[in-house]
Amino acid sequence: MPSSSGGSYSSLAGTNEIYRPTTVAGVQTSGFLDGVKRAFQFVSGGAAPVVVKRNDQLLEQAPRPAVAVIPRTDSVNTNTNKKMPSSGTIAEEAALLGTMPSDSMDDIELKNIQLHFPSSRSLSRGDSAMLEEVVETDRGTLVVAVQGSRNKPAILTYHDLGLNYISSFQAFFNYIDMRALLENFCVYHVNAPGQEEGAPTLPEDYIYPTMDELAGQLSYVLTHFGIKQFIGFGVGAGANILARYALCYPNRVSALCLINCVSTQAGWIEWGYQKLNARHLRSKGMTQGVLDYLMWHHFGRNTEERNHDLVQVYKSYFERNVNPTNLALFIDSYIKRTDLNIHRDVDPSKNKESTLRMPVMNITGSLSPHADDTVTFNGRLDPSSSSWMKISDSGMVLEEQPAKVSEAFRLFLQGEGYASGVKLCPKIEPVLEKY
C-alpha cells in the first residue's frame, strides 16, 4: 500500500501480470460520487481507473484474474523459490495444489518389462539331442533313436499307430519330472518299419512284418546295442509288441510299463473300420474318415471340448507328416494280430509260464476307448506283480496327464530298485489299484 493519501488503484484487465503494482500516482480524488462512477466503469469493463479514498468504507471487489494451471511434468514437487512467501501467496498456492491429485499415475513408467510367449507345440525333431541309428534285421531296417548314456540301464520304447518316437515320446520324456529320472537310464526309441519321420514309401512288393515278427525284430536291436536286459515302455500297438516279446524272452525284460495295451485279437467292428482306413490310405491318402478314426483311437470322444489346441496339433501332424502307404501296412499288421494267450493262474502253487512273469504296470485313461481292453488285460496278469492305473480326465495320457504318468512310472521303477536317489514330488500321489 502507498503511503500517500492521494494514490489510486488501476484496473488489471488486459494484463498478464499478477503481482503488478496497482497504485497510480498523481490522480486526484473528487469525492464520493466520482468514486462510485469509476467503480461502475471498472465492473462494466471501462478503462477509467477507480479511485477510492483510504478513509472510505467502500471496499473494492475486483474479480481475480485467471491463472493458467500448468500440468506437472515431474513426479517430485520441488520449490525453487527460496524466499519466504507472503500470506496471500500461501493461500493462492494452497488453492492451486488442492486442485491437483497428490498421487498422479501419469508419471509412472514401466521399464524393463519383457513379454515372454510360450513356444508352440511341435511334433517335429527340431533341436533334439537324440542320435538315430539304423539297425539291420531279417525283415528290413529299423530306425532307433538313443537318448542318454549307454552304460546305464536301458528303457526301450515302442509307439502306437500313426505315430513315431518323436510324436509319441519326445514331449513326455522332455517333461521336467522325467528329466531327473532319465539321468539314471538310457532310452532306446524303436520305430516300426516305415514309420519314422520323413520315411520313404515302402516298395510295393514289401511284405510288412506281422506283430510276432515285429516283436522278434527287437532281438536285433538288443544285439546291436549290446543290451542284456531292458525296461519296456509301450503305447497301444507298441505295448502289444513289447508284451509279445516279453512272453518269448522273459529273461531279457526286467519290467513293463504298458499304456492302452490290448491282449485280445481284433473284433469285427475294429477290423471293419481299420480295413476301410487302410484302403483309403492306399488309394486317397489321409481322408477325413481316417483322420477322425485316428483321433478317436488316441484321444477318445469329445476331445476338442477339453483340449482344443492339442487336437489341432495332432490333426495337422496326421495330415502333413504321416506317410499314408506305410501307415496302411502297419494297420493291416495290427488288425491281424493274434491273441496273447495268457491267463491268470488261480492256484499260486503253479508256475507262472502262462502269463507275464515280470512286474507290469498297466495304464489307461478314463476317456480312452481302450479302457475296457486294459481291464481284460489286467485280469490275465499275476496280481502279485502287476498293477492297473486309470487316470482321470484323459484319453492320451502321455500328452494330457504327463505329471501323473511320470510320477507313477517313477514310483514303479523305484519299487523295482531303480533310481533310488531321485526325489519324489509330494504334490502328486497316484493311486495304483491292484486286482
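Scroll up for the structure.
Parameters at a glance
- Residues numbered from 1 in each chain as written.
- Predicted model: local features only at pLDDT ≥ 70, side-chain atom pairs only at ≥ 80, totals over all residues.
- Heavy atoms only, no water.
- Axes fitted to C-alpha atoms, helices over the stretch in contact; angles between N-to-C directions.
- Helix = DSSP H or I, 4+ residues; strand = E, 2+ residues; numbered from the N terminus.
- Parallel < 35°, antiparallel > 145°, perpendicular 65-115°, else oblique.
- Left-handed = near helix turned anticlockwise from the far one by under 90°.
- Contact = heavy atoms within 4.5 Å.
- Nonpolar A, V, L, I, M, F, W, Y, C, P; charged D, E, K, R; others polar.
- 1 Å grid on protein atoms, 1.4 Å probe; cavity = no way out; pocket = protein on both sides within 12 Å on 5 of 7 lines; lining within 4 Å.
- Points joined across faces, edges and corners; volume = space filled by probe spheres on them.
- Phe/Tyr/Trp six-rings, centres within 6.5 Å; stacked < 30°, edge-to-face > 60°.
- Buried < 20%, exposed > 50% of the residue type's maximum accessible area, 1.4 Å probe, protein only.
- Lys NZ or Arg CZ within 6 Å of the ring centre and 35° of its normal.
- Pairing = 2+ DSSP bridges.
- Expected span 1.5 Å × (residues − 1).
- Right-handed = clockwise from strand over helix to strand, strands pointing away.
- Salt bridge = Lys/Arg side-chain N within 4 Å of Asp/Glu carboxyl O.

Caption draft 1: Molecular detail of the packing of helix α9 (residues 288-299) against helix α11 (residues 308-320). Here α9 crosses α11 at 130°, and the two axes come no closer than 11 Å. In terms of orientation, α9 lies oblique with respect to α11. Pair α9 / α11 crosses with right-handed handedness. Along the contact surface, α9 presents L291, L294, M295, H298 and F299, while α11 presents L310, V311, Y314, K315, F318 and E319. Residues that form the contact of α9 with α11 fall into these classes: 8 nonpolar, 1 polar and 2 charged.

Caption draft 2: Spotlight on empty space enclosed by the protein. Applying the stated criterion across every chain yields a total of 2 cavities of 30 Å³ or more. As for the largest cavity, its lining consists of 13 residues, and the residues nearest its centre are V235, N260, H298, M396 and V397. Elements that contribute at least two residues to the lining of the largest cavity include exactly α9 and α14 (397-400). Along the lines of polarity and charge, the residues of the lining of the largest cavity split into 6 nonpolar, 6 polar and 1 charged.

Caption draft 3: Inspection of the packing of aromatic side chains at higher detail. Taken as a whole and assessed by the stated rule, the structure comprises 18 aromatic pairs. Note on Y245 and Y249: the rings are 4.8 Å apart at their centroids and 35° apart in plane angle, and the pair reads as tilted. On the basis of relative accessibility, which here comes to 37%, the residue Y249 falls in the partly exposed class. Here a set of aromatic residues connected by ring pairs shows up, and it is made of F169, F172, F173, F233 and F409. Sitting above the plane of the Y334 ring, R337 keeps its charged end 4.3 Å from the centroid.

Caption draft 4: Main features of the pairing of strand β3 (residues 131-137). Where β3 meets strand β4 (residues 140-147), 7 bridges bridge the pair, whose relative direction is antiparallel. Bridge assignment links E136 to a residue of β4, and that residue is T141. Between β3 and β4, which pair antiparallel in sequence order, lie 2 residues.

Caption draft 5: Highlighting helix α15 (residues 402-415). Between the first and last C-alpha of α15 there are 20 Å, a value that for 14 residues agrees with the 20 Å anticipated at 1.5 Å per step. The element α15 is largely enclosed, with a buried count of 10 among its 14 residues. Backbone geometry just downstream of α15 places G417 in the positive-phi region, at approximately 95°.

Caption draft 6: The pairing of strand β10 (residues 386-391), seen in detail. With 5 of its 6 residues buried, β10 lies for the most part within the structure. As defined by bridge partners, strand β9 (residues 360-365) adjoins β10 across 6 bridges and the pair is classed as parallel. The residue of β10 that forms the bridge with I363 is M389. Handedness of the β-α-β unit built from β9, helix α13 (residues 371-379) and β10 comes out right-handed.

Caption draft 7: Region of interest: the environment of E196. Looking at where E196 falls in the secondary structure, it is placed in the loop between β6 (186-190) and α5 (211-216). Through-space distance from the C-alpha of E196 to that of L163 is 8.2 Å; in sequence the pair is 33 residues apart.

Caption draft 8: Seen up close, unusual backbone geometry. One non-glycine residue, N341, adopts positive backbone phi at about 55°. As for its position among the elements, N341 is in the loop between α12 (324-335) and β9. Phi angles above zero are rare outside glycine, and D393 is one such case at about 55°.

Caption draft 9: The arrangement of the environment of L413 in detail. By the secondary structure assignment, L413 is in helix α15. In this structure L413 comes out as buried when scored by relative accessible area, which is 0%. When the C-alpha atoms of L413 and C257 are compared, they prove to be 9.6 Å apart, with 156 residues separating the residues in sequence. The contacts of L413, once residues within four sequence positions are left out, are L181, F185, I231 and Y418.

Caption draft 10: Inspection of the packing of helix α8 (residues 268-283) against α9 at higher detail. Packing of α8 against α9 brings their axes to within 9 Å, and their N-to-C directions diverge by 135°. With respect to α9, the axis of α8 lies oblique. Relative to α9, α8 is oriented so that their crossing is left-handed. Where α8 approaches α9, its residues E270, Y273, Q274, N277, H280 and L281 are matched on the opposing element by G289, V290 and Y293. Here the contact of α8 with α9 is composed, by residue class, of 4 nonpolar, 4 polar and 1 charged.

Caption draft 11: Fine view of the pattern of salt bridges. Applying the stated criterion across every chain, the model contains 8 salt bridges. Across the salt bridge formed by E270 and R337, the nearest N and O atoms sit 3.1 Å from each other. Of this pair, E270 sits in helix α8 while R337 is found in the loop between α12 and β9, placing the two residues 67 residues apart along the sequence. Relative accessible area serves as the criterion here: at 23%, E270 is assigned to the partly exposed category. Under the relative-accessibility criterion, R337 is labelled buried at 4%.

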